[in-house]
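Each chain is listed here by its residues.
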Amino acid sequence: MKKIIKKISLIIILIFSVLLIYVFTYVPSLSKQHGIVEAKLYLGDSDKQPLIVAFGGGDGGNDWSRNYLKQKRDSLVAKGYAVLAVGYFRSNGTPDHLDRISLDAISDTIINRAKHPKIDASKIGLMGGSRGGELVLNLASRFSYFKAVIAMSTSNVSFPAITWSANTSSWTYKNEEVPYVPAPLKIITPALKGDLYTAHSMMLEDENAVKNAEIQVEHIKGSILIISGKNDDQWPATLMSNRLMERLKENKFKYYNEHVILNAGHAAPLDHFNLVYRFLEQHLPSE
């Protein structure tokens, strides 16, 4: 009987080991929609409008084309800005998952839309929150034509794709995956409980991986506004944003940069949009 139990135990361990190896080595196929971006342009009546390219976060869809952000979108247009609302996954025609999204495709889309005769292509700014904040920092650190960056509740590193295996990067650049912080096995328990703050914090414990995956924000060629809430329950946004500011200082970043810390949570930056207006008026003014 003991031999039978031992055999069964060994079989269970073997099966579990095989499953773990599969999970940690499985790479999903690249989406057939890879490189497709949804972009909706909102224009005012004036000429030479600066362009604000706006991105949502990890829930997907085209947030800045939705009704719940219409008031803020319209207020930017009223202040003389054109707004390009971009959906990069789980949006019309785009990939279903935040997985290896092409930074090049997004850049090409922005350049193409900025050719509109009412847009001042020399004044393009980026704005994004959460994973969208991570995205805008990745974009601006690789493409030099962005003159202002607003990253809300952002990270200082690239995190893995939002797929069941989390074995790929969220982003690609020149057909190569952007380095990211891998998801260790120990995050499974908090992730299943919906405790994303702990899961992200655990990923950040790997100092070597963090160093490899840090976004090289010192390459940005324009002003930067970072807004975080110190009570963020999704990930340690303030800690990561502080690290962004430290990196800028270490590299003697020559453009304006500011980190505003709110006594609030993950979505709080949208409730303090006066900070965005002030930043744009000073660093990407409309005529």
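### Comments concerning the pairing of strand S6 (residues 148-152)
Then, in step 1: Among the 5 residues that make up S6, 5 are buried, leaving the element largely enclosed by the rest of the structure.
Then, in step 2: Side-chain alternation along S6 places Ala148, Ile150 and Met152 on one buried face and Val149 and Ala151 on a second face that is also buried.
Then, in step 3: Taken together, the 5 bridges between strand S5 (residues 119-129) and S6 define a ladder with parallel strand orientation. Opposite glycine 125, over in S6, you have alanine 148 as the bridge partner.
Then, in step 4: For the segment spanning S5, helix H4 (residues 131-140) and S6, crossover handedness is right-handed.
Then, in step 5: Sheet analysis places S6 next to strand S9 (residues 223-229), joined by 5 bridges and oriented parallel.

### Some words on the layout of surface pockets
In this approach, a probe sized like a water molecule rolls over the atoms, and the result shows the empty space that is left.
Then, in step 1: By volume, the largest pocket is sized at about 1000 Å³.
Then, in step 2: Lining of the largest pocket is provided by 41 residues; of these, Gly58, Arg131, Ile162, Leu196 and His200 occupy positions nearest its centre.
Then, in step 3: Secondary structure elements with two or more residues in the lining of the largest pocket: helix H1 (2-25), helix H5 (188-192) and helix H6 (196-203).
Then, in step 4: Top element by residues in the lining of the largest pocket is H6. It accounts for 4 residues.
Then, in step 5: Split into classes, the residues belonging to the lining of the largest pocket amount to 27 nonpolar, 11 polar and 3 charged.

### Notes on the sheet that holds strand S7 (residues 171-173)
Then, in step 1: Strand order in the open sheet formed by 3 strands is S4-S7-S8, and the pairing between neighbours is mixed. Looking at which strands have only one partner, the edges of the open sheet turn out to be strand S4 (101-102) and strand S8 (176-177).
Then, in step 2: Across 2 bridges, the pairing between S7 and S8 is antiparallel. Among the inter-strand pairings, threonine 172 is bridged to a residue of S8, identified as glutamate 177.

### Let's talk about the pattern of salt bridges
Then, in step 1: Scanning all chains against the criterion turns up 14 salt bridges.
Then, in step 2: One salt bridge in this structure joins arginine 100 and aspartate 99, with 2.9 Å as the shortest N-O distance. In this pair, the class of arginine 100 matches that of aspartate 99, namely buried.
Then, in step 3: In this structure, the salt-bridge partner of arginine 247 is glutamate 218, at a minimum N-O distance of 2.7 Å. Remark: glutamate 218 occurs in the loop between helix H7 (207-213) and S9 and arginine 247 occurs in helix H8 (residues 237-250); sequence separation between them is 29 residues. Judged on exposure class, the residue arginine 247 and its partner glutamate 218 are both buried.
Then, in step 4: Through salt bridges that share partners, Glu214, Glu218, Arg243, Glu246, Arg247 and Glu250 make up one connected network.

### Remarks on empty space enclosed by the protein
Then, in step 1: Scanning the model with the defined rule gives 1 cavity of 30 Å³ or more in all.
Then, in step 2: Looking at the largest cavity, its volume works out to about 50 Å³.
Then, in step 3: Every residue lining the largest cavity is listed: His34, Gly35, Ile36, Val37, Tyr88, Pro95, Arg100, Ile101, Ser102 and Ala105.
Then, in step 4: Its residues placed into classes, the lining of the largest cavity shows 6 nonpolar, 3 polar and 1 charged.

### Here's the deal with the sheet that holds strand S10 (residues 257-262)
Then, in step 1: Pairing is mixed across the open sheet formed by 7 strands, whose spatial order is S1-S3-S2-S5-S6-S9-S10. Edge positions in the open sheet fall to strand S1 (38-42) and S10, since each of these has one partner strand only. Strand after strand, the sheet turns through a mean of 15° between neighbouring axes, direction not considered.
Then, in step 2: Along the sheet, H4 contacts strand S2 (49-55), S5, S6 and S9; its crossing angle with S5, the most-contacted strand, is approximately 140°.

### Regarding helix H2 (residues 70-78)
Each turn of an α-helix holds 3.6 residues, which means side chains three or four residues apart point in the same direction.
Then, in step 1: Residues of H2 that are buried: Arg73, Ser75, Leu76 and Val77.
Then, in step 2: On its buried face, H2 is in contact with S1, strand S3 (82-87), S5 and helix H9 (274-283).

Procedures and definitions
- Residue positions are given per chain, counted from 1 along the sequence in the order it is written.
- Totals for whole chains, interfaces and linings use all residues, but because this is a predicted model, local features are given only for residues with pLDDT of at least 70 and pairs of side-chain atoms are given and counted only at 80 or more.
- Here the side-chain values reflect all heavy atoms present in the structure, with hydrogen atoms and water set aside.
- Note on classification: 1.4 Å probe, protein chains only; a residue is buried when its accessible area is under 20% of the maximum for its type, exposed when over 50%, partly exposed between these limits.
- Secondary structure elements follow DSSP: runs of H or I of four or more residues count as helices, runs of E of two or more count as strands, with numbering from the N terminus.
- For two strands to be treated as a pair, DSSP must find at least two bridges joining them.
- Think of it like this: strands point away, you trace from the first strand over the helix to the second, and a clockwise trace means the crossover is right-handed.
- Whether a set of points on the 1 Å grid over the protein atoms alone is a cavity depends on a 1.4 Å probe fitting there but being unable to get out, while an open set qualifies as a pocket with protein on both sides within 12 Å along at least five of seven lines; lining residues are those with an atom within 4 Å of a point.
- Grid points are joined across faces, edges and corners, and a volume is the space filled by probe spheres set on the points.
- Note on residue classes: Ala, Val, Leu, Ile, Met, Phe, Trp, Tyr, Cys and Pro are nonpolar, Asp, Glu, Lys and Arg are charged, and everything else, Gly too, is polar.
- Only one rule defines a salt bridge in this text: a Lys or Arg side-chain nitrogen within 4 Å of an Asp or Glu carboxyl oxygen.
- In this analysis, axes come from line fits to C-alpha atoms, helices being fitted only over the stretch in contact, and the angle between any two N-to-C directions falls in the range 0 to 180 degrees.
- In this description, contact between two residues means that some pair of their heavy atoms is separated by no more than 4.5 Å.

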